[in-house]
Amino acid sequence: MSSLADKADRHALYEQAVQCVEAEIDMVDASFEAIRGYAAQTLREDFCGTAQTSIEWIQRRPDNVAIGVDLDGEVLAWSNDNHLDHLMLEERGRIELLQEDVRALEIEPVQMVMAMNFSYQLFDTRQTLRDYFTSVRQGLSDDGVFFLDAFGGYDCYKEIEETTACEGFDYIWDQASYNPIDSGMQCYIHFTFPDGSRLDKAFSYYWRMWTLPELQELLEEAGFENVTVYWEGTDEESGEGDGIYTPATLGDADPAWVCYLSAEI
Ligand SMILES: C[S@@+](CC[C@H](N)C(=O)[O-])C[C@H]1O[C@@H](n2cnc3c(N)ncnc32)[C@H](O)[C@@H]1O
């Protein structure tokens, strides 16, 4: 008899465990409007994977348009079968998925580029990350804004596993190794199931742990202006993050934090 792990779909599990696209779109939509004074229409989602964020974007407003970009044809095919094929015809016309390197795109400029889930950390030298940021800048329209996320805190340099209970499975974030000499981190995502089965190394990433000053400097070196960090507020009762990110120049020395950055043309 096959186990729950055998029957599991790693992309569906990833979407359920890792992403909260509604909150991310809320954040970038409101921030673009705060910066420019009007709402954006065109979004490019870099490293889009299953392109959930692009789909959330086109469903927000009837004139929103999204382009999702990923190198991996398998994940794009999954998105086509599981998401795009179920959209209304009109919505389907406002989203496009491209199997391309995010650095080599030749498409019409867009108002917003999003690089979320820390995926740009696969660019592990100042040169390669600056080149990526430069290509993003070239792909933005005159009113364009680039949004990316970042994580850090002293826990991110530890070789630890963190387990989160989800509906029907556990999600394990595994920081398997960290090399302080080049700041390279090997991480995995595993999933475990109530029948004891396990989907080991469902996703694997080798990332350079960039710091916020490095990211801000490289964005500026790539020609961006008004580089802004959005830090999470604290819920007074629980002492935990309240999910509200506002522009900040002073953060807290949290053991583990996630924040957003915007960078303007
Ligand atoms: C951390 S995953 C992001 C997953 C995605 N945000 C999602 O929700 O499914 C990183 C993704 O980046 C893609 N990728 C890696 N290098 C790339 C590149 N140079 N250009 C485009 N996509 C790339 C991988 O194929 C992978 O799907």
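Look up: the structure comes first, before these words.
Okay, so let's go over this structure. (Residues numbered from 1 in each chain as written. Predicted model: local features only at pLDDT ≥ 70, side-chain atom pairs only at ≥ 80, totals over all residues. Heavy atoms only, no water.)

Now for the overall build of the chain. A count of helices and strands for the chain gives eight helices and 12 strands. The C-alpha radius of gyration computed for the chain amounts to 19 Å, which stays within 12% of the reference 18 Å derived for 265 residues, consistent with globular compactness. By its C-alpha atoms, the chain is 55 × 45 × 40 Å across when sized along the principal axes. A total of 265 residues make up the chain; the buried ones form 51% of that total. Restricting the contact set of the chain to residue pairs at least 6 apart, pairs at least 24 apart contribute 66%. Put simply, the chain has 16 plus and 53 minus side-chain charges, and the middle of one group is 5 Å from the middle of the other. (Helix = DSSP H or I, 4+ residues; strand = E, 2+ residues; numbered from the N terminus. Rg over C-alpha atoms; globule rule 2.2 N^0.38 Å. Buried < 20%, exposed > 50% of the residue type's maximum accessible area, 1.4 Å probe, protein only. Contact = heavy atoms within 4.5 Å. Lys, Arg positive; Asp, Glu negative; His and termini not counted. Charge placed at Lys NZ, Arg CZ, Asp CG, Glu CD.)

Moving on: the layout of surface pockets. Counted as a void, the second largest pocket has a volume near 210 Å³. Looking at the second largest pocket, it is lined by 13 residues, and the ones nearest its centre are Glu232, Glu240, Gly241, Asp254 and Ala256. Listing elements by their share of the lining of the second largest pocket, those giving two or more residues are strand E10 (225–234) and strand E12 (257–264). Top element by residues in the lining of the second largest pocket is E10. It accounts for four residues. Split into classes, the residues belonging to the lining of the second largest pocket amount to five nonpolar, four polar and four charged. (1 Å grid on protein atoms, 1.4 Å probe; cavity = no way out; pocket = protein on both sides within 12 Å on 5 of 7 lines; lining within 4 Å. Points joined across faces, edges and corners; volume = space filled by probe spheres on them. Nonpolar A, V, L, I, M, F, W, Y, C, P; charged D, E, K, R; others polar.)

With that out of the way, let us pick up the sheet that holds strand E11 (residues 241–248). An order of E3-E2-E1-E4-E5-E12-E10-E11 is seen for the eight strands of this open sheet, with the pairing classed as mixed. A single partner strand is all that each edge strand has here, and the edge strands are strand E3 (95–99) and E11. On average, each strand axis in the sheet is tilted by 20 degrees relative to the strand beside it, whichever way the strands run. As judged from the five bridges shared by strand E1 (residues 42–46) and strand E2 (residues 65–70), these two strands associate in the parallel manner. Each residue of the ladder has a partner; that of Glu45, found in E2, is Gly68. Against the sheet, helix H3 (residues 21–36) makes contact with E1, strand E4 (110–115), strand E5 (140–152), E10 and E12, and its axis sits at roughly 135 degrees relative to E5, the strand it touches most. (Pairing = 2+ DSSP bridges. Axes fitted to C-alpha atoms, helices over the stretch in contact; angles between N-to-C directions.)

What the rule picks out here adds up to 21 aromatic pairs. Geometrically, the ring pair formed by Phe118 and Trp207 is edge-to-face, given 6.1 Å between the ring centres and 75 degrees between the ring planes. With Phe118 in the loop between E4 and helix H7 (126–138) and Trp207 in strand E9 (residues 198–208), this residue pair connects regions lying 89 residues apart in the sequence. Take Phe118 and Trp207: they sit in the same class, and that class is buried. A network of ring pairs unites the aromatic residues Phe47, Tyr120, Phe123, Tyr132, Phe133, Phe146 and Phe224 as a single cluster. Lys201 extends its terminal NZ or CZ atom over the ring of Tyr188, reaching a point 4.7 Å from the ring centre. Over the aromatic face of Trp210 sits the side chain of Arg208, whose NZ or CZ is 3.7 Å from the ring centroid. (Phe/Tyr/Trp six-rings, centres within 6.5 Å; stacked < 30°, edge-to-face > 60°. Lys NZ or Arg CZ within 6 Å of the ring centre and 35° of its normal.)

Inspection of every chain in the model, using the stated rule, returns 13 salt bridges. In this structure, Arg103 engages Asp101 in a salt bridge whose closest nitrogen and oxygen atoms are separated by 2.9 Å. On the basis of relative accessibility, which here comes to 39%, the residue Arg103 falls in the partly exposed class. Between Arg198 and Asp200 there is a salt bridge, and its shortest N-O distance comes to 2.9 Å. (Salt bridge = Lys/Arg side-chain N within 4 Å of Asp/Glu carboxyl O.)

Without other data, these values stay purely geometric and don't point to any function.
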